[in-house]
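Remarks on the overall topology
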Amino acid sequence: MPIDDLELAVVPLDAPEAEDPNLTGAKAANLARAAVAGLPVLPGFVLVPSERAPEAPTGQKAVQNAWRALAGAHGSARAVVVRSSSVYEDTEYSSMAGRFESVLDARGWQEFTAAVWTVLGSARQVRPLRQSPDALPGDGMAVLVQPMLRSTVGGVMFGADPVEGRTDRILISAVRGGPDQLVDGSTQGVRYQLTRRGRLVRAEPADARDEGLLPHRRTARLVALAKKTERVFGSPQDMEFGFDAEERLWLFQARPITAMAARPPRGARLLGPGPVAETLPSVLQPLEEDLWVTTMSHGLTVALDVAGAASRRRLRKVPVVTTVQGRAVADLRLLGAARPRHPFLERLNPAPGARRAAAAWRVGRLRSALPLLALDLMADVDRALAGFPPPREMLGGQLLDAVGWGRTVLSALHAQESLAGALLDGGSGSTAAGEALAELAEGRARGLQDAELIERHPVLLALLPPALADRPPLPAPIGPTALPRGAGALPVREGLRLRVRWVQEMQAQMVRELARRLGAGACELGLSRLALLRWEELVRVARGDGLPAGFAERVPRTDAGVLPDEFRLAAGVPVAEPKSGLRTPGQGSGGGFGTGTAWDGHGERPDHPVLVVRFLDPRLAPLLPDLAGLVAETGSPLSHLALLAREYRVPTAVGVPGATERFPTGTPLAVDGATGAVTVRDLPLSTSLAVPARQEAAA
């Protein structure tokens, strides 16, 4: 089809109107703006629909004249590159990196017109993954045409390090030839991390720094270009560059960095599931958090204060236990569950002398008094639990009072359980889970069902995690078990832990009954919706004060995957803590930390897929949404697909040798986008199975 049928208008790249992204698209507009500011940009022109530029030259003759001005007098002396410039790409909202076609080395009029058709056609084939709020109707595609430059060395440069989230670093990935080898993911290249002054921090792979790709004279010019580009656009930019045969540096593209990795602030707390995951292993809804996490945090705070492990000022400042992505996590340093930052100072015990002396006095008295205190507390809990009538026979106020009592007593149970673990020996070594397994084996042998088993032997609740939803079935017994001896034979700490679980179950029963009554009343609340309330909100709703404002927009928390063992928060996002001495098999490309099941992109998609591929093909972009991770055998962290993956917060590791063979479909994987570590993880065990397995090992 003749190009004249498209009624395209020609806008020179040095024309003032070329700087309007709504006319020429963001890619061309950014280059036009850079050229006006004196940055090294090749000449060129932009083809746009004629109705958008009524004053610009229009038609085949105008296009042909512009093309000849670039390609030479006869249109064959010099090749051109034909690139997309859509209103959807290269914006602050989304890069759309590699989603539209570009045609390199187009020679002659026929190849040029075919390239224009290819680029325009890609706008109709690609649906934008994210659309900017000011996008124009239609495909919004313009076509950028520039001379084809043969680069001796080319690459991609970021004015900040998007993988580590560092604005004091400049990241460059370079190859011999043009940058297209990098952005399409087919070549890994050499990655350089530089300071803002141009000093080389590191190169990956380390032995590649001697290849002479970027000697100091080139890196100095690139750093200067990055700083100038940042001044022009007001923020660090994602750039493509090339050095020609005469050592001239050219800027091929500049766009905002859309996927900077989160960087924890200085002094951010070290968090992790730690020991609290044994009690609360699942994703918790807001009401469950208020009932069980808040009380656990308060109890542990009391225990830490009594033991003098932290100052009261610090304990008042931050909660010991909180939730991240709906999962309970603890301050690992406060609990002593993480390696000390300064082991020598830890041995010196720099706590104030008065606090140490007071703690020693309290602990000395507690060591002898705690067993009796714990027995009294357990007896009080047992009497209170036995005194509650069935929930259906209780009044609404009584139900609320029972749940409120549970919140108070859980704090005391958690405090004493923590102190018992620190001050008392384990006694016989038996656990509530081991006792429950023994009861389960005998009960199943007698043919008893789950409900009857739990009613006769409440110790079986130790095999199930707490939840407001209906209880899951009990597990099948695992191997041989010891004979049951009764809950009274358990050590003090295990007895306290069992009472924690009993109180949690009582609260769940009371809340289920409240949900049944409120579901039939004016509020029409089912259990799944009631769990979205906070405790104080539930009290007001039960008293007839109505639902809180905006409650209709609340949605249940979903399982976002397993959290890292140790992490810090950056803008609410968990950033895995690097392990000292960890030798990573690949390069981190950002996106955070994720766990899931390996998938090669074919066949049925698993629930939490980790896409494992040979290289970062931009055509894989439609698979990115909801990936738990992305692993590639080769490719650059600055390639188009890696950039899109960071925009979607997909943990990504590149340069992982033999990934497709080592991690076949179905392999459970953990991907750390910060370090590039890809590990085969153990299949997650339910709480009911994990604890008994340890008990059997002990036996």
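Rules behind the numbers
- Residues numbered from 1 in each chain as written.
- Predicted model: local features only at pLDDT ≥ 70, side-chain atom pairs only at ≥ 80, totals over all residues.
- Heavy atoms only, no water.
- Pairing = 2+ DSSP bridges.
- Helix = DSSP H or I, 4+ residues; strand = E, 2+ residues; numbered from the N terminus.
- Axes fitted to C-alpha atoms, helices over the stretch in contact; angles between N-to-C directions.
- Buried < 20%, exposed > 50% of the residue type's maximum accessible area, 1.4 Å probe, protein only.
- Parallel < 35°, antiparallel > 145°, perpendicular 65-115°, else oblique.
- Left-handed = near helix turned anticlockwise from the far one by under 90°.
- Contact = heavy atoms within 4.5 Å.
- Nonpolar A, V, L, I, M, F, W, Y, C, P; charged D, E, K, R; others polar.
- Expected span 1.5 Å × (residues − 1).
- Polar contact = N/O pair within 3.5 Å; in protein donor to acceptor, adjacent residues only side chain to side chain.
- Core = buried A, V, L, I, M, F, W, Y, C linked by side-chain atoms within 4.5 Å.
- pLDDT = per-residue confidence, 0-100.
- Phe/Tyr/Trp six-rings, centres within 6.5 Å; stacked < 30°, edge-to-face > 60°.

What follows concerns the sheet that holds strand 4 (residues 102-106). Sheets are built from strands that pair by backbone hydrogen bonding, the pairs being arranged parallel or antiparallel. Strand order in the open sheet made by the 5 strands is 1-2-5-3-4, with antiparallel pairing throughout. Single-partner strands in this sheet number two, and they are strand 1 (8-12) and strand 4. Geometrically, the sheet is characterised by an average inter-axis angle of 25° between neighbouring strands, direction not taken into account. The pairing of strand 3 (residues 80-86) with strand 4 spans 3 bridges and is classified as antiparallel. Looking at the pairing, V82 lines up with V103 of strand 4.

Along the chain, S50 turns up in the loop between strand 2 (45-49) and helix 2 (60-71). Taking relative accessible area as the criterion, S50 reaches 15% and is therefore assigned buried.

This paragraph deals with the packing of helix 7 (residues 286-307) against helix 11 (residues 396-423). Contact geometry for helix 7 and helix 11: axes closest at 7 Å, N-to-C directions at 40°. As far as their axial angle goes, helix 11 and helix 7 are oblique. As for the relative orientation of helix 7 and helix 11, their crossing is right-handed in sense. In this structure, helix 7 contributes D290, L291, W292, T294, T295, M296, H298, G299, L300, V302, A303 and V306 to the contact, and helix 11 contributes V403, R407, L410, S411, H414, A415, S418 and L419. Looking at side-chain class alone, the contact of helix 7 with helix 11 contains 11 nonpolar, 7 polar and 2 charged residues.

What follows covers helix 14 (residues 492-519). For helix 14, with 28 residues, the first-to-last C-alpha span of 40 Å sits near the 40 Å given by 1.5 Å per residue. Helix 14 sits mainly inside the fold: 21 of its 28 residues count as buried.

Quick look at the side chain of S411 now. Within the secondary structure, S411 is located in helix 11. Residue class for S411 comes out buried when judged on its relative accessible area of 11%. Here the side chain of S411 touches R407 through a polar contact of 3.5 Å, landing on its backbone oxygen.

As a rule of thumb, nonpolar side chains are buried together in soluble globular proteins. Ranked by internal contacts, the top residues of the largest apolar core, which has 57 residues, are L413 and L530. Breaking this core down by element, the ones donating at least two residues are helix 7, strand 14 (327-331), helix 10 (353-387), helix 11, helix 14 and helix 16 (535-542). Apart from residues no more than four positions distant in its own chain, L530 is found in contact with L287, V511, L514, A515, L518, L525 and L538. Counting 40 residues, the second largest nonpolar core, distinct from the first, contains A34, V153, Y192 and A203.

Turning our eyes to something else, we now look at the sheet that holds strand 17 (residues 587-588). Here 7 strands make up an open sheet; going across it, the order is 17-21-20-19-18-22-23 and the pairing mixed. Only two strands of the sheet have a single neighbouring strand rather than two, namely strand 17 and strand 23 (678-680). Pairing analysis gives 2 bridges linking strand 20 (residues 629-632) to strand 21 (residues 652-654), with the strands arranged parallel. Looking at the pairing, V631 lines up with A653 of strand 21.

Here we come to the confidence of the model for the chain. The share of residues in the chain with pLDDT of 70 or more is 84%, and the mean pLDDT across the chain is 83. Considering only residues more than four positions removed or in separate chains, one finds that residues 683-699, a stretch of pLDDT under 50, has 25 contacts.

What follows deals with the pairing of strand 16 (residues 573-576). Taken together, the 4 bridges between strand 15 (residues 567-570) and strand 16 define a ladder with antiparallel strand orientation. The partner of L569 across the bridge, within strand 16, is P574. Counting the residues in the hairpin turn of strand 15 and strand 16 gives 2 residues, including A571, whose phi is positive at 55°.

What characterises a pair of aromatic rings is the spacing of the ring centres plus the angle enclosed by the ring planes. In this structure the tally under the stated criterion is 5 aromatic pairs. Arranged with centres 5.9 Å apart and planes meeting at 20°, the rings of W67 and F112 form a pair that is stacked. With W67 in helix 2 and F112 in helix 3 (residues 108-125), this pair connects stretches of sequence that are 45 residues apart. One exposure class covers both W67 and F112, and it is buried. Judged by centre distance (6.1 Å) and plane angle (80°), the rings of F241 and F243 are edge-to-face.

On to helix 16. Those residues of helix 16 not exposed but buried are W535, E537, L538, V539 and V541. Taken together, the buried residues of helix 16 touch helix 7, helix 11, helix 14 and helix 15 (527-530). Just past helix 16, the residue G544 takes up positive phi, approximately 90°.

With that settled, the discussion passes to the environment of P236. Here P236 shows up in the loop between helix 5 (216-233) and strand 10 (237-243). Taking the C-alpha atoms as reference, P236 lies 9.6 Å from A254; in sequence the two are 18 residues apart. Other than its neighbours up to four places away in sequence, P236 contacts G159, A160, E230, P256 and I257.

Of all 7 residues that make up strand 10, 7 are buried, and the element is covered over most of its length. Residues of strand 10 alternate between two faces, with Q237, M239, F241 and F243 on one and D238, E240 and G242 on the opposite face, all of them buried. Here 7 bridges tie strand 10 to strand 11 (residues 249-256), and the two strands are oriented antiparallel to one another. Residue G242 lies in a different strand from strand 11, and its bridge partner there is W250. Where strand 10 hands over to strand 11, the hairpin turn is made up of 5 residues, of which E247 adopts a positive phi near 65°.

Looking now at unusual backbone geometry. Unusually for a residue other than glycine, E247 sits at a positive phi of about 65°. With respect to the helices and strands, E247 occurs in the loop between strand 10 and strand 11. Under the relative-accessibility criterion, E247 is labelled partly exposed at 24%. Backbone geometry places Q325, a non-glycine residue, at a positive phi of 55°. Here Q325 is to be found in the loop between strand 13 (321-324) and strand 14.

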